[in-house]
Amino acid sequence: MTQLSENLQKLDGFLARFRETGILNQIGGEALPAASGNWFDTLSPTDGSVICQVARGAADDIDRAAAAAKAAFPGWRDLGGTERRKILHRVADAIVARAEEIALCEAWDSGQPLRFMSKAALRGAENFRFFADKAPSARDGKALPSGGLMNITGRVPIGPVGVITPWNTPFMLSTWKIAPALAAGCTIVHKPAEFSPLTARLLVEMAEEAGLPKGVWNLVNGMGEEAGKALTEHPAIKAIAFVGESRTGSQIMAQGAASLKRVHFELGGKNPVIVFADSDLERALDAAVFMIYSLNGERCTSSSRLLIEQGIAEEFEARLAERANKVKIGHPLDPATEIGPLIHPTHLDKVCSYFDIAKEEGAVIAAGGERPDGPGWFVRPTLFTGANNQMRIAQEEIFGPVLTALRFADEAEALQIANDTDYGLTAYLWTSDVTRAMRMTERLEAGMIWVNSENVRHLPTPFGGVKASGIGRDGGDWSFEFFMEQKHIGFATGPNKVPRLGGE
Ligand code: NAD
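Residues numbered from 1 in each chain as written. Predicted model: local features only at pLDDT ≥ 70, side-chain atom pairs only at ≥ 80, totals over all residues. Heavy atoms only, no water.

**Here's the deal with the overall build of the protein**
Applicable threshold: Strands here mean DSSP runs of E at least two residues long; helices mean DSSP runs of H or I at least four residues long; both are numbered from the N terminus. Here the globule rule is a power law, 2.2 Å times the number of residues to the power 0.38, and the radius of gyration is based on C-alpha atoms. Think of it in three bands: with a 1.4 Å probe and only protein chains considered, a residue is buried below 20% of the maximum accessible area for its type, exposed above 50%, and partly exposed in between.
Within the protein, the regular secondary structure consists of 16 helices and 19 strands. For 504 residues, the compact-globule estimate of 2.2 N^0.38 gives 23 Å, and the protein sits close to it at 24 Å. In terms of its C-alpha atoms, the protein occupies a principal-axis envelope of roughly 85 × 60 × 35 Å. The burial tally for the protein puts 57% of its 504 residues in the buried class.

**Observations concerning the domain arrangement of the protein**
The following threshold applies: By convention here, the domain bounds are inherited from an automatic or database domain assignment. Here a residue-residue contact requires only that any non-hydrogen atoms of the pair lie within 4.5 Å. Buried area: the accessible surface (1.4 Å probe) lost by two parts on joining, summed over both. Each reported salt bridge corresponds to a side-chain nitrogen of Lys or Arg within 4 Å of a carboxyl oxygen of Asp or Glu. A 3.5 Å cut-off defines polar contacts: any pair of N or O atoms within that distance qualifies, except that in protein one atom must be a possible hydrogen donor and the other a possible acceptor, and neighbouring residues in sequence count only when both atoms are side-chain atoms. Each residue gets one label: Ala, Val, Leu, Ile, Met, Phe, Trp, Tyr, Cys and Pro are nonpolar, Asp, Glu, Lys and Arg are charged, and the others, such as Gly, are polar.
Domain annotation for the protein reports domain 1 (11–267 + 465–488) and domain 2 (272–451). Here the C-alpha centre of domain 2 lies 30 Å away from the C-alpha centre of domain 1. Listed as interface residues are 32 residues of domain 1 and, on the opposing side, 35 residues of domain 2. Summing both partners gives a buried area of about 2,600 Å² for domain 1 against domain 2, and 64% of it is carried by carbon and sulfur. Our count for the domain 1 to domain 2 interface comes out at one salt bridge. Among the ionic pairs, Glu445 bridges to Lys467, the shortest N-O distance being 2.6 Å. For the interface between domain 1 and domain 2, the tally reads 14 residue pairs in polar contact (both at pLDDT 80 or more). Mapped onto the side of domain 1 that touches domain 2, the elements with two or more residues apiece are α4 (99–110) and α5 (114–134). By residue number, the principal contributor to the side of domain 1 that touches domain 2 is α4, which donates five residues. Taken together, the residues of the side of domain 1 that touches domain 2 break down into 15 nonpolar, 12 polar and five charged.

**Overview of the side chain of Glu397**
Residue placement: Glu397 occurs in the loop between α13 (392–395) and β15 (402–408). At 3.0 Å, the side chain of Glu397 forms a polar contact with the backbone nitrogen of Gly269. When sequence neighbours within four positions are dropped, the list of residues in contact with Glu397 reads Gly268, Gly269, Lys270, Lys350 and Tyr423.

**With respect to the site of the ligand**
Note the following rule: When at least one non-hydrogen atom of a residue lies within 4 Å of a molecule or strand, that residue is treated as near it. The accessible surface values rely on the Shrake-Rupley method and a 1.4 Å probe; as for residues, cover is taken only from the protein chains in view.
In the neighbourhood of the ligand, 30 residues make up the surrounding shell, with Lys191, Glu194, Thr248, Leu267 and Glu397 lying closest. Here an oxygen atom of the ligand and a side-chain polar atom of Lys191 are 2.7 Å apart. Within the backbone of Glu245, one N or O atom sits 2.9 Å away from an oxygen atom of the ligand. Here the ligand loses 93% of its free accessible area of 850 Å² to cover by the protein chains. At the level of secondary structure, the elements contributing two or more residues to the shell around the ligand comprise α8 (224–233), β9 (239–243) and α9 (246–256).

**Section: the pattern of salt bridges**
Counted according to the given criterion, the structure contains 30 salt bridges. A salt bridge links Arg98 to Glu101; its shortest N-O distance comes to 2.9 Å. Glu411 is the partner of Arg439 in a salt bridge, and the nearest nitrogen-oxygen pair spans 2.8 Å. Pair noted here: Arg439 is in helix α15 (residues 434–443) and Glu411 is in helix α14 (residues 411–419), with a separation of 28 residues, a long-range link.

**Details of the packing of aromatic side chains**
Which entries qualify depends on this criterion: Pairing of aromatic rings covers Phe, Tyr and Trp, the last counted by its six-membered ring, and requires centre-to-centre distances within 6.5 Å; plane angles under 30 degrees mean stacked, over 60 mean edge-to-face, and any other angle means tilted. Charge-over-ring contacts are defined here by two conditions on Lys NZ or Arg CZ: a distance within 6 Å of the ring centre and an angle within 35 degrees of the ring normal.
In this structure the tally under the stated criterion is 11 aromatic pairs. Taking the centre distance of 6.0 Å and the plane angle of 85° together, the rings of Trp176 and Phe463 count as edge-to-face. In this pair, Trp176 sits in helix α6 (residues 170–184) while Phe463 sits in the loop between β17 (448–451) and β18 (470–471), placing the two residues 287 residues apart along the sequence. Accessibility expressed as a relative area gives 3% for Trp176, which makes it buried. Overall, the relative accessible area of 9% leaves Phe463 in the buried class. On the numbers, 5.0 Å between centres and 75° between planes, the contact of Phe482 with Phe483 is edge-to-face. The pair formed by Phe482 and Phe483 is uniform in burial state, with each residue classed as buried. Within the aromatic cluster, the residues linked to one another by ring pairs are Phe130, Phe131, Trp176, Phe463 and Phe480. Across from the ring centre of Trp76, 5.9 Å away, lies the NZ or CZ of Arg84, which sits over that ring.

**With respect to the pairing of strand β4 (residues 50–55)**
It is a general feature of regular strands that their side chains alternate between the two faces of the sheet. Short version of the rule: For two strands to be treated as a pair, DSSP must find no fewer than two bridges joining them.
Direction of pairing for strand β3 (residues 39–43) relative to β4: antiparallel, over a ladder of five bridges. In the strand pairing of β4, Asp41 is matched with Gln53. Between the antiparallel neighbours β3 and β4 lie six residues, among them Gly48 with a positive phi of about 75°.

**Re the environment of Thr199**
Looking at the secondary structure, you find Thr199 in helix α7 (residues 198–209). Apart from the residues within four sequence positions on either side, Thr199 is in contact with Ile102, Cys105, Glu106, Pro170 and Phe171. A distance of 2.7 Å separates the side chain of Thr199 from the side chain of Glu106, its partner in a polar contact.

What follows is the structure in structure tokens.
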């Protein structure tokens, strides 16, 4: 039996119960169908088959979930950080114990290769552990004594919050938002992406089995314009943590305006990887290939623009095209697969539409630019060369395994091209000149920059983008800044004279 057929057999076992019951919402500790009785299908990107049905929640379900989160809030807030820490560690233990189930379901539901989803499942557990350990100190503040006053600051959880997540690496991204919210003492309503809902269901089940009180974590599946919109408008929901497209972020901001919703946005990107001739070109090549073709290129931090110094451009681009042609396309549950199918047919059409756009704009398709034969929403790793930064292929987030190469003459031009975009999530810089690296990192318009490295996430550091790539930061204490309110309390330390109005 091959590893692939063994994995398919295991997956079949894991999915059997979902085929029977469908994916239910979880509200106040109860597994429920949508109030309307409506369902939608979730499809496998590998062959387009129906995996199972999913409860199609809408405003009524959000209303019940928000009420459950509101009712559970005082108890969870007042439980104490050490108790929260214990429960969140138990959630992490459950994730580790069921990591294979999570990875197989995620790969089948999202099309992301198992080799990456296995790691992503364990990263989800790390997210829970990291924030679990921060729970006891989440409310800590400062003493700032001044003349006649002892000023004390503290933090309190903001209340029930909404978490809205996208379909790319949905499990990991959900843990990334939910773990800090729970550690801070917030209760939540989670609306996962309609295209990959399987693992959000597994996650909430694991959390309740780990002892999370009922109603602390509620799950409502459904469409963005229905369940998602209702969540962002609900008055009991105090904040929305959102990961998704920039355009959706601006819709959510408008939808949440009437209830003065606090928002945290992790949005799109068109991230440059800038390679100078003086860099370690072997490692730079590995990183450029990895950061666009891993995770099917459906990755907010992918380096989708290669900025390459003129003198080495021709050879670097040729080697890149050769490597792109060798990236292994295949079944996402096959451990050898490096690139799987894209999430859904509409997204496939969008990604493929850039092949014609590139030709119309006068760029060259140096690798890929087509779909392999057979079923599934696969696309070949693609490289566009001969492009300039005004082209749509250099400006628009394609969100697939598609790289646009641009050449630059010197540092000033590299900076100008890198910053000439609406986005500002990440930038990657390859050079052996540390002074240049210092200069450039100062001026690059990006929330996160890696020098001589691919994207390696360290959880205590701030994660987030500038410009159209986001508002706010995650990670370390920054997550608590969002999920908590700062409080100031001033105690008089003596009979300070109070200015008197209306006296004698
Ligand atoms: P999307 O914006 O289409 O959907 C994201 C989520 O928002 C889904 O759950 C969807 O149902 C919901 N939604 C859609 N319309 C809504 C509305 N009007 N109100 C409330 N909710 C609504 O994004 P996507 O296509 O699922 O994900 C891909 C995008 O996510 C890319 O742009 C990618 O760059 C971005 N992303 C960013 C980060 C980051 O950290 N910056 C991480 C991952 C993905």
